[in-house]
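A closer look at the structure
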Amino acid sequence: MLVTWRYRPRGSVIEKVDPRARWIYSFMVLLSLTQFWDIRFLLCFLGVVLVQYALARVTWAETRRGWTFILIFAVGIVALNTLFTGRGGPGEVLQGGHVLWRTDWRVLGLAIHPTITVERVWFAVSQIVRMVSISGLFLIIPYTMNPRHYGVTFRSMGVPDRFAFSMDLAFRFVPTLARDFNTTLDAQKARGYEVEKLEGGLIAQIRKMAPLVVPVTMNAILSGEEITNAMDLRCFGTRLRTWVHELHYRRMDYVLMGASVVVLVASLVVRYGLKIGTFWVPGWALAWAGG
Amino acid sequence: MDKKSLWKFGTREVVYAAIGAALYGVFSFLTNWIGLPAAGNIALRPAVAIPMFFGVAFGPIVGFITGFLGNVLGDFLSGYGFWWSWDLGNGLMGLIPGLMAVGIASYKAKATIIKAEILVVIGAAIGMLVPSLLEIPLSGIDLRTAIVGYWLPSFLSNTINGLILVPILMVAYDAVVSRSGR
């Protein structure tokens, strides 16, 4: 079992952008996107996400698992929400509406009345577009951002030195711990341990994971003592550390960050100044349902 | 760890936060990859015991980083992108058990284990509640869907995995502590 990062140099435009500018851009677009429920605006943001995906030069084969996860996640939760929408969320705007289908169920003695209306179906479509856009916005990050740059990126974005170093170390420990995991798994299998065929009830099955989890964790903790001692002996933390990789903003980074701020401000003006962008159902859909 | 040092983040904490996060990320990725069996909504996610245990053993900040960063690493290895609200929830799931990491004399004492178990349940409840509720404004779901669709399955799964594996890790760690003298 090989544990590798999804990142590899692809020579894409996105990789040339400073990672700090990319994080700022991603969160600005996320904030902008979450202002809207109107599918026309959401489709614009989905377009931005798809352009970003195309520019990243990742292949469908690489990202298929991620997209499948996102789609199952979005469609599953939206289907549940469409059937059972009640009070408490943005879906509250959907009270009433043009009924397409309604039934009465009794579940554990409770009467429930799932109702599908044109508004709910349209809201579900808007939800899926919004969830896919939000998830897709961050999907390419592991594929296009060098793991060696996370520590210095967050350090230069204001994260305290020790936290940033801890982040940097974590990325470096992954291959070593994955190798330890595989060694332990092989050793336990040689003793007759069958992780794929755990028998017994749920609790027994979880307990049977202990021969895998405990040795790897305790070994890692023991090696941690040695690393701590080595770092203490080298006076770690007595002053701010320097980083092997240095990041420098370029013109295109400033342009991207500036554009992100403009998009956010424009979204806030459109949404709260012009009061545009709330949930919208096209006239043809209402006409089709007889409204 | 005395009371004053509960929120300390020295060299030792830097290293253990990194080890915890890497362990959580690797376990999450590899146990998904192996394809462990599951019963109903309760998935076999043994990895969730890692942030809870690292919280108990090394304090709330280490627990938080282990949960937050470990979840980021697991998602990055799997190619799922970045799910900041669930990363935050996983961080809280490690932070809350970490609140007991003061003056623990023995990790295998019954009282310590019971205290840890209580905090594991509270941690899983709050940790999974925060991202479930954040999905209301983000995804437009209602409260009922957030509770039934997100919170309940994740809370049950994480609680059961944590309740079983955290005490086992604590007993094993007790032997390590005695050996290393830390």
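Residues numbered from 1 in each chain as written. Chains lettered and ligands numbered in written order. Predicted model: local features only at pLDDT ≥ 70, side-chain atom pairs only at ≥ 80, totals over all residues. Heavy atoms only, no water.

From N to C terminus, chain A includes 12 helices and four strands. The C-alpha radius of gyration computed for chain A amounts to 25 Å, which surpasses the reference 19 Å derived for 291 residues by more than 25%, pointing to a less compact arrangement than a globule. For chain A, the C-alpha atoms occupy an extent of roughly 75 × 60 × 35 Å along the three principal directions. Going through the 291 residues of chain A one by one, you find that 46% of them count as buried. Across chain A, contacts joining residues at least 24 apart in sequence account for 76% of those joining residues at least 6 apart. (Helix = DSSP H or I, 4+ residues; strand = E, 2+ residues; numbered from the N terminus. Rg over C-alpha atoms; globule rule 2.2 N^0.38 Å. Buried < 20%, exposed > 50% of the residue type's maximum accessible area, 1.4 Å probe, protein only. Contact = heavy atoms within 4.5 Å.)

Moving on, we get to the interface of chain B and chain A. Every contact between the two is made by 69 residues of chain B and, on the other side, 81 residues of chain A. Interface of chain B and chain A: buried area, both sides summed, is about 6600 Å²; carbon and sulfur atoms make up 77% of it. A salt bridge links B:Arg12 to A:Glu225; the nearest nitrogen and oxygen atoms lie 3.5 Å apart. The tally of links from chain B across to chain A stands at 14 residue pairs in polar contact (both at pLDDT 80 or more). Breaking the side of chain B that touches chain A down by element, the ones donating at least two residues are helix H1 (11-34), helix H2 (49-58), helix H3 (60-78), helix H4 (84-95), helix H5 (110-139) and helix H6 (143-180) of chain B. Element by element, the count of residues in the side of chain B that touches chain A is highest for H1(B), at 19 residues. (Buried area = accessible area lost by both parts, 1.4 Å probe. Salt bridge = Lys/Arg side-chain N within 4 Å of Asp/Glu carboxyl O. Polar contact = N/O pair within 3.5 Å; in protein donor to acceptor, adjacent residues only side chain to side chain.)

On to the nonpolar core, then. Counting residues in each nonpolar core, the largest one holds 136 residues, and the members touching the most others are A:Tyr150, A:Met218, A:Ile221, B:Leu23, B:Phe53, B:Phe54 and B:Tyr173. Two domains each donate at least three residues to this core, and these are domain 1 (13-149 + 248-288) and domain 2 (160-233) of chain A. Discounting chain neighbours no more than four positions away, the residues touching B:Phe53 are A:Thr217, A:Met218, A:Ile221, B:Val166, B:Leu169, B:Met170 and B:Tyr173. (Core = buried A, V, L, I, M, F, W, Y, C linked by side-chain atoms within 4.5 Å. Domains from an automatic or database assignment.)

Before going further, it helps to spend a moment on helix H3 (residues 39-55) of chain A. An α-helical turn contains 3.6 residues, so any two residues separated by three or four positions project in the same direction. Residue and element names in this part refer to chain A. Between its first and last C-alpha atoms H3 spans 24 Å; for 17 residues at 1.5 Å apiece the expected length is 24 Å, and the two agree. Within H3 the residues assigned to the buried category are Ile39, Leu42, Phe45, Leu46, Val49, Gln52 and Tyr53. All buried residues of H3 lie within an arc of 130° about the axis, which places them on one face of the element. Within H3, the exposed residues directed more than 90 degrees away from the buried face are Cys44 and Ala54. After H3 finishes, the residue Arg57 shows a positive phi value of roughly 60°. (Expected span 1.5 Å × (residues − 1). Arc of directions from axis to C-beta.)

Residue and element names in this part refer to chain A. All told, the structure shown has eight salt bridges over all chains when counted by the stated rule. With a closest N to O distance of 3.7 Å, Arg8 and Glu62 form a salt bridge. Here Glu62 lies in helix H4 (residues 60-84) and Arg8 lies in the segment before helix H1 (13-16), a separation of 54 residues in the sequence. A residue is classified by how much of its surface remains accessible, and Arg8, at 42% relative accessible area, is partly exposed. Between Arg20 and Asp18 there is a salt bridge, and its shortest N-O distance comes to 2.8 Å. Side by side, Arg20 and Asp18 carry an identical accessibility label, which is buried. Overlapping salt bridges, with partners in common, bring together Arg8, Arg10 and Glu62 in one network.

The terminal C-alpha atoms of helix H5 (residues 118-139) of chain A lie 31 Å apart, and with 22 residues this matches the ideal 32 Å at 1.5 Å per residue to within 8%. Within H5(A), 19 of the 22 residues are buried, leaving the element largely enclosed by the surrounding structure.

Now for the domain arrangement of chain A. As far as domains go, chain A holds domain 1 (13-149 + 248-288) and domain 2 (160-233). The C-alpha-based centres of domain 1 of chain A and domain 2 of chain A are spaced at 36 Å.

The subject of this paragraph is the packing of aromatic side chains. All chains considered together, the criterion is met by 33 aromatic pairs over all chains. Residues A:Phe27 and B:Phe82 carry aromatic rings whose centres are separated by 6.2 Å and whose planes lie at 85° to one another, so their mutual orientation is edge-to-face. Residue A:Phe27 is found in helix H2 (residues 19-33), and its partner B:Phe82 is found in the loop between H3 and H4; the two belong to separate chains. The ring of A:Tyr249 has A:Arg20 sitting right over it, with the charged end atom 4.0 Å from the ring centre. (Phe/Tyr/Trp six-rings, centres within 6.5 Å; stacked < 30°, edge-to-face > 60°. Lys NZ or Arg CZ within 6 Å of the ring centre and 35° of its normal.)

Now for unusual backbone geometry. Of note in this structure, A:Arg57 is not a glycine but carries a positive phi near 60°. Tracing the backbone through its elements, the reader meets A:Arg57 in the loop between H3 and H4.

All names here are of chain A. Checked against the element boundaries, Asp18 lands in the loop between H1 and H2. A distance of 2.8 Å separates the side chain of Asp18 from the backbone nitrogen of Arg20, its partner in a polar contact. Discounting chain neighbours no more than four positions away, the residues touching Asp18 are Leu247, His248, Tyr249 and Asp253.

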